[in-house]
Every structure is written in structure tokens, then in C-alpha cells.
Amino acid sequence: MREEKVGILVISYGSRAAAMIDALNRSEEYKVRFYVADKQRNPFNVKHAAKHVVIPDLDIAKICEFVKANKAEIDFGICGPEQPIIGGVRDVIERETGVAMICPTKSYAIEESKVAQRILLDECCADANPKFKVFPRAEYASVSEVKRAVWQFLDEIGDEVAVKPDTPAAGKGVGVWGDHFTSRALLFEHFMSVFESTDVLIEEKVIGEESSFQAFCDGKRLVPLPETRDYKRAFDSDSGQNTGGMGSYKTEVDWLPFMNKKDREEEEKLAQMLFRRLRGDGSNEGLRGVPLYIAFMHTGEGAKILEINSRPGDPEILNILPVLKSDFVDVCFRMIEGNLSSVECEKKATVVTYAVPMDYGGYRSKYSGDRRVDLSAVHALQQKYGADLRIYPGSMELRADGSTYALGSRTVCTVGIGDTLEEAREVSLDGIRHIDGALWNRWEIGAEEHVGRAVRRMDELRG
Ligand code: AMP
Ligand code: GLY
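Residues numbered from 1 in each chain as written. Chains lettered and ligands numbered in written order. Predicted model: local features only at pLDDT ≥ 70, side-chain atom pairs only at ≥ 80, totals over all residues. Heavy atoms only, no water.

## Let's talk about the site of ligand 1
Note the cut-off: Residues are labelled near a given molecule or strand when at least one of their non-hydrogen atoms is within 4 Å of it. Nitrogen and oxygen atoms within 3.5 Å of one another constitute a polar contact, given that in protein one can donate a hydrogen and the other can accept it, and given that sequence-neighbouring residues count only through two side-chain atoms. A 1.4 Å probe and the Shrake-Rupley method give the accessible areas. Residues count as covered only by the protein chains that appear here. Each helix is a run of H or I in the DSSP string that is no shorter than four residues. Each strand is a run of E no shorter than two, and both are numbered from the N terminus.
Taken together, 16 residues sit near ligand 1, with Lys164, Glu203, Val206, Glu210 and Glu307 positioned nearest. One of the side-chain N or O atoms of Glu210 is found 2.5 Å from an oxygen atom in ligand 1. Considering ligand 1 on its own, with 470 Å² of exposed area, one finds that the protein chains cover 95% of that surface. Those elements that place two or more of their residues in the shell around ligand 1 are strand 7 (161-165), strand 9 (200-204) and strand 18 (302-309).

Okay, here's the thing in C-alpha cells:
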């Protein structure tokens, strides 16, 4: 029975917000009214919102005005995208309106600085931290000076490194030896392109298989969610540039096929160490939401941390929200009240596949054709699959005449749910095939061949 009415602010950037709205809307205990501050007129959000406002740059002051104007109806807010979190959206809204927000405060938005993350990791779990060196812009007077310092560090640790901007670049500013450059000259070219605008981190390249760890947090406890695998590279066979994530999968259990239960326990241990360090004694409300979404690399020498984000992953949270058995509105209230001790997920596999514009990820250098996207056939397919197929528009815009268009980023994703990975993948891909529009996608998210390759690689690395 839906008894109690609740008003929820959702700050939306892409498909992640649509998946949140969908999960909140499935509540059996609460009838939800959505107040959406959106980057554009996302068709899913517009359909579900009681009030919808477009704030293209997600400017915090404008979001706060929207909250103030609807304060009487909003019980709490939730934010997925990193920019407002890093900018302090929670601090501002809570201070100026009293509406509780689910996301970390500005001081716990630790994804703001990859350098600060490396320093924190050195202090609290150094074994999981690749060797690194920071190159602060303020420290070098000339290009030749910084070049000397880079060469000196490469002489120390070898050329096999990753070059990263200190500040977040949606995975796109990262360059890895062997993938993005194969000589010191090209490495330095990449280095300088990043160094122009931010401090740079050079770190040891670690070899292995990646996984994404996420956890909800009520300030007192970290409640781990099932592990997922993101497909960061643009093209099949994991080639091409890094993207925001072309898709992701989870299996029926809490860990991935190339991991075992012990690997997962090791990850949880590292996450708890980090959490305790950030939390201090007792409780720390500043960490509410998903304060630790950790990208791990499983290597022959154990798990290494690639980066830490302070928000749910996109696409990774889309593998989890559709199979959340716990009432998500209740989970949110518990995060705010500080009494979330566990969450339950269905023991199902899920596959998220993103369809993206032609000029996304370097698939085409330019696309000047029609950007119209019609989701009616994929929606019709939901008759066949029921709740096992979810469709979440992202960088898509609903125009006044009712038609929908792809904007610049990841357009729309389909989430397939099944008893096995293969079943989930079939549903997700069937959905993708029914999208009408000039879009492309990776075909191998969660594919047996790709997953098997990861398992064999991990076996080799472990000897
Ligand atoms: P990040 O934004 O730090 O997660 O980096 C984006 C991608 O670059 C990761 O998903 C990895 O595939 C790759 N990467 C980042 N750091 C390293 C590293 N130290 N060694 C190897 N690959 C890395
Ligand atoms: N899946 C990459 C991200 O959310 O940053």
C-alpha cells in the first residue's frame, strides 16, 4: 500500500538519474513526487516529474533557488553527478533551505583531487597504492625544467606509467603507456596537454582486471553493494579512447567471474579502512550517500586502487538500482537518519549497454546528420520482457513537438536483467537493436568471450 507522500529533489545529469527515479518510484511504502533539476529535458525525467527545471550547467545557486521555491514539498534531495557534489551542492542546499541532501559534503568530495587521493591512500593502505609522483604547475618555471623532472621519474620507475590530471576529467584525460603513447616523446606530449590546465600525476601502470566497488553510507557505516565491471574503452576488445563508460555488468553474486570471494573481502577491507580514516571516531554525516566508489585493478600482487569517486558510478549504479530489493526511498531515509545497516539485492545478473552518438568516443570524427532518436520500438519490447528490460535516456532531449534527440554524450542505455549474464546481455542487446536512431554501441558488454578472457588473464597473472 502506498500511504505516505514524499517529495524528492533529483539532480540529474544523465541516465543515472533516470535509474534513481525509477528505483524511487517502485517504492511500495511511499508515493513519490519528483522535483527534478535537469541538464536538459530528459524525456524520462519530464514524464515522471511533478516539477522539472532545466539548468544546463547544473549551477548550484540555481538549483538552490529551485529547492527554495518548492521547499514545503521536498523531503530530501539526491545528487549523482560529480560537479555539483564537488562544488558543495549539499552544503549550500542544507544551509540555505534545511532540505537534507544525499551525497557527500564538499570536504568529503574526494574525487576532486587524484593527488589528494594518492596521499590519503599512502597514509592508510599504501600496499594498494601504485607508486606515484605529483607534478604541481606552481613548481616548475619552464617546460625544460618539468621535462627534466618527468624524465628523472621515468628513469626511476620505468616508462610503463599512467599520466593523469589532478582534477576529474570523466576518465578522459588519463593516458596509459602502451595504449595512448609508446614513446617518452608522446608521453610528454600527453603530459603537457594536461599540464596546461592542472597539476599532473604520473603513476606506475598496474596490470590486471578492473572492477568497481560501490557502497551506500549513512555516516556511521559503509554498506557495500555488489561488484560491477565498467567498460571504459570506446571499442570492443577494449581499444580506443577512454569514455565515461560504454556499459557494465554484474553477475548473480557479489563479485565478478575473474575474482573470488577473498578478493571481494580484500576490497571491502580496504574500503572500510578508508572509510574509518575519513569518518574518524563515531559518525560523520558528511560522508552520506556513495562516498566511496572505488575503481580497483586486480593484479598478480593483489588489489590496487586506480581512483576513488564520491558518487554512484554511471553506468555502474545502473546494474544495481533495478535489482534493489530494499525499498529505495526507505534506504534514502535511513541514510539521512543514520540507521542504514544493510541493503538487499536480487540474486540476478544485469547488463547495461549504452547507445551513443556517432561522434562519441572517436567512432566518427564528425557527424552532421540527423540526431533524432525514437524509443517507441524499444518501449514496445518491454511487453515481452516486462521488468527485465529497463530503458534509461541520458543525454537526450525532449522537444516541444514530442520528438526526442540525441545531444553530445551517452544517449540512452538498456539494462537487461536475467538469471545468468548471458540472459541479461541478450535482453540488453535486444533492447539496443530496437532503438531507432544514428547511434552506436559496444556489443561485448558481459559477453562470454570478454569475461572468459578476463578470467584467463587473471589466472595467468596469479600464476
Ligand atoms: P581513472 O580515471 O583514474 O579511473 O582512469 C581511467 C582508466 O585508465 C582506468 O579505468 C584504467 O583503465 C586506466 N588507468 C588508470 N590508472 C591506471 C594505472 N595506474 N595503471 C593502468 N591503467 C590505469
Ligand atoms: N563509470 C565511470 C564513472 O562513473 O566515473
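## A closer look at the environment of Cys64
Rules: Remark: exposure states derive from per-residue accessible area (1.4 Å probe, protein chains only) relative to the maximum for the residue type, with buried under 20%, exposed over 50%, and partly exposed in between. By definition, residues are in contact when any of their heavy atoms lie within 4.5 Å.
Residue placement: Cys64 occurs in helix 3 (residues 60-69). Residue Cys64 is classed as buried on the basis of its relative accessible area, which comes to 1%. For the pair Cys64 and Ala37, spaced 27 residues apart in the sequence, the C-alpha separation amounts to 9.6 Å. Here Cys64 is in contact with Val92, Ile93, Glu96 and Thr97, once residues within four sequence places are set aside.

## A short note on a negative patch on the surface
As a reminder of what qualifies: Here the term patch refers to residues with relative accessible area over 30% and no salt bridge, with like charges joined within 9 Å and nonpolar side chains (Val, Leu, Ile, Met, Phe, Trp, Tyr) within 5 Å. Here, a salt bridge means any Lys or Arg side-chain nitrogen found within 4 Å of an Asp or Glu carboxyl oxygen. Lys and Arg are tallied as positive, Asp and Glu as negative. Neither His nor the chain termini are counted. The atoms used to mark charge sites are NZ of Lys, CZ of Arg, CG of Asp and CD of Glu.
Taken together, the side chains of Glu3, Glu4, Glu28, Glu29 and Asp75 define an acidic patch exposed on the protein surface. Within the secondary structure, Glu3 is located in the segment before strand 1 (4-12). Taking relative accessible area as the criterion, Glu3 reaches 58% and is therefore assigned exposed.

## Here's the deal with the pattern of salt bridges
Counting across every chain of the model gives 39 salt bridges. Between Asp230 and Lys232 there is a salt bridge, with its nearest N and O atoms 3.8 Å apart. A salt bridge links Asp238 to Arg442; the shortest N-O distance between them is 3.0 Å. With Asp238 in the loop between strand 14 (233-235) and strand 15 (239-242) and Arg442 in the loop between strand 26 (439-440) and helix 13 (448-462), the pair connects residues that are 204 residues apart, well separated along the chain. The buried category is assigned to Arg442, whose relative accessible area is 0%.

## Notes on helix 7 (residues 143-157)
For the record, the criterion: By this rule, a helix spans an expected 1.5 Å times one less than how many residues it contains. Arc definition: directions from the helix axis to the C-beta atoms.
Between the first and last C-alpha of helix 7 there are 21 Å, a value that for 15 residues agrees with the 21 Å anticipated at 1.5 Å per step. When we look at burial in helix 7, the residues that qualify are Val146, Ala149, Val150, Phe153 and Leu154. The buried side chains of helix 7 occupy one side of the element, clustering within an arc of 135° when seen end-on. Summarising the geometry of helix 7, the exposed residues directed more than 90 degrees from the buried face are Arg148, Gln152 and Asp155. On the buried face of helix 7, the contacting elements are strand 6 (132-135), strand 7, helix 8 (184-195) and strand 9. Positive backbone phi, approximately 95°, marks Gly158, located one or two places after helix 7.

## Quick look at the sheet that holds strand 17 (residues 293-299)
This is how it is decided: At least two bridges found by DSSP between two strands is the condition for calling them paired. Every axis corresponds to a line fitted to the C-alpha atoms, with the helix fit spanning only the stretch in contact, and the corresponding angles, defined between N-to-C directions, vary from 0 to 180 degrees.
Here three strands make up an open sheet; going across it, the order is 10-17-18 and the pairing antiparallel. Single-partner strands in this sheet number two, and they are strand 10 (209-213) and strand 18. Strand-to-strand, the axes of this sheet are offset by a mean angle of 25°, without reference to chain direction. Relative to strand 17, strand 10 runs antiparallel, the two sharing five bridges. Paired with Glu209 across the strands is His298, a residue of strand 17.

## A short note on the packing of aromatic side chains
Here is the rule we go by: In this scheme Phe, Tyr and Trp rings, the latter by its six-membered ring, pair at centre separations within 6.5 Å, and the angle between planes marks the pair as stacked below 30 degrees, edge-to-face above 60, and tilted otherwise. Two thresholds decide whether a charge sits over a ring: the Lys NZ or Arg CZ must be within 6 Å of the ring centre and within 35 degrees of the ring normal.
On inspection of all chains with the given rule, the structure shows 17 aromatic pairs. With centroids separated by 6.4 Å and ring planes inclined at 70°, the aromatic side chains of Phe135 and Phe153 adopt a geometry described as edge-to-face. Here Phe153 lies in helix 7 and Phe135 lies in strand 6, a separation of 18 residues in the sequence. Note on Phe135: relative accessible area 0%, which makes it buried. The class of Phe153 is buried, set by a relative accessible area of 5%. Ring geometry for Phe235 versus Trp440: centroids 5.6 Å apart, planes at 45°, classification tilted. Taken together, the residues Phe235 in strand 14 and Trp440 in strand 26 connect sequence positions 205 residues apart. Joined through ring pairs, the aromatic side chains of Phe135, Tyr140, Trp151, Phe153, Phe188, Phe191 and Phe195 make up one cluster. Arg229 extends its terminal NZ or CZ atom over the ring of Tyr231, reaching a point 5.9 Å from the ring centre. For Arg399, the ring lying beneath its charged end belongs to Tyr405, and the centroid distance is 3.8 Å.

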